[in-house]
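Residue strings, one per chain:
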Amino acid sequence: MRIGELARRTGITERALRYYEEQGLLRPERRPSGYRVYGDADVAAVRRIRILLAAGLSTAQITQVLPCVLDDDGLLAPLCPELVDALVEHRAKIDEAIDELAATRANLDVIISAEARSA
DNA sequence: ATTCTAACA
DNA sequence: TGTTAGGA
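Residues numbered from 1 in each chain as written. Chains lettered and ligands numbered in written order. Predicted model: local features only at pLDDT ≥ 70, side-chain atom pairs only at ≥ 80, totals over all residues. Heavy atoms only, no water.

A short note on the protein's contact with DNA strand C
- Inspection of the region around DNA strand C gives Thr13, Arg15, Tyr35 and Arg50 as its neighbouring residues.
- In DNA strand C, atoms within 4 Å of the protein come 27% from sugar and phosphate.
- The side chain of Thr13 places a nitrogen or oxygen atom 3.2 Å from a phosphate oxygen of DNA strand C.
- A distance of 3.4 Å separates a phosphate oxygen of DNA strand C from a polar side-chain atom of Arg50.
- By residue class, the composition of the surface near DNA strand C is 1 nonpolar, 1 polar and 2 charged. (Near = heavy atom within 4 Å. Polar contact = N/O pair within 3.5 Å; in protein donor to acceptor, adjacent residues only side chain to side chain. Nonpolar A, V, L, I, M, F, W, Y, C, P; charged D, E, K, R; others polar.)

Right, here's the structure in full:
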């Protein structure tokens, strides 16, 4: 199928699909016309990519992780043990980011509370 | 009609 | 990412 059909079947814009290829997430074949040709497997691949992106992984990480993930129901099962370690690490970074944002919010609250009273 | 690349009020 | 120009 060409990019238009894959876009319809996945709900992903053609723009994004071309971007995924640029990032090495998809390797569609090319017709002599230059048109990209995708296989049925790519529909599932895009599904996995979306889940991984939603989990906050970078395209670079996804490129490595993609072949290490099992495609079952609507979930992704990590296969390689290295992958699990990487995901646990990623989770830790998310916790750090949450803490930093909480601190930033606290600082903002101080300013908001000081408003009007200072004048 | 569709898709392609490149580029940015 | 959207969008658009300019081609095939």
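Quick notes on the environment of Ala60
- With respect to the helices and strands, the residue Ala60 is situated in helix α4 (residues 59-65).
- Using a relative accessible area of 47% as the deciding quantity, one classes Ala60 as partly exposed.
- Along the sequence, Ala60 and Lys93 sit 33 residues apart, while their C-alpha atoms lie 17 Å from each other. (Helix = DSSP H or I, 4+ residues; strand = E, 2+ residues; numbered from the N terminus. Buried < 20%, exposed > 50% of the residue type's maximum accessible area, 1.4 Å probe, protein only.)

Side note on the nonpolar core
- Ranked by size, the top nonpolar core spans 25 residues in total, and within it Leu6, Leu17, Tyr20, Leu26, Tyr38 and Leu52 carry the most contacts.
- Breaking this core down by element, the ones donating at least two residues are α1 (3-10), α2 (14-22), α3 (41-54) and α4.
- Among the elements that line this core, the one with the most residues is α3, at 5 residues.
- Beyond its immediate stretch of four places on either side in the chain, Tyr38 contacts Met1, Arg2, Ile3, Leu6, Leu17, Leu26 and Pro28. (Core = buried A, V, L, I, M, F, W, Y, C linked by side-chain atoms within 4.5 Å. Contact = heavy atoms within 4.5 Å.)

Thoughts on the protein's contact with DNA strand B
- In the vicinity of DNA strand B, the contacting residues are Arg2, Ile3, Gly4, Glu14, Arg15, Arg18, Arg30, Gly34, Tyr35 and Arg36.
- Sugar plus phosphate, as a fraction of atoms of DNA strand B within 4 Å of the protein: 81%.
- Between DNA strand B and Glu14 there is a distance of 3.1 Å, counted from a phosphate oxygen to a side-chain nitrogen or oxygen.
- For DNA strand B, a phosphate oxygen lies 2.7 Å from a polar atom in the side chain of Arg18.
- With 3 residues, the single largest contributor to the surface near DNA strand B is α2.
- Considering only residue class, the surface near DNA strand B consists of 2 nonpolar, 2 polar and 6 charged.

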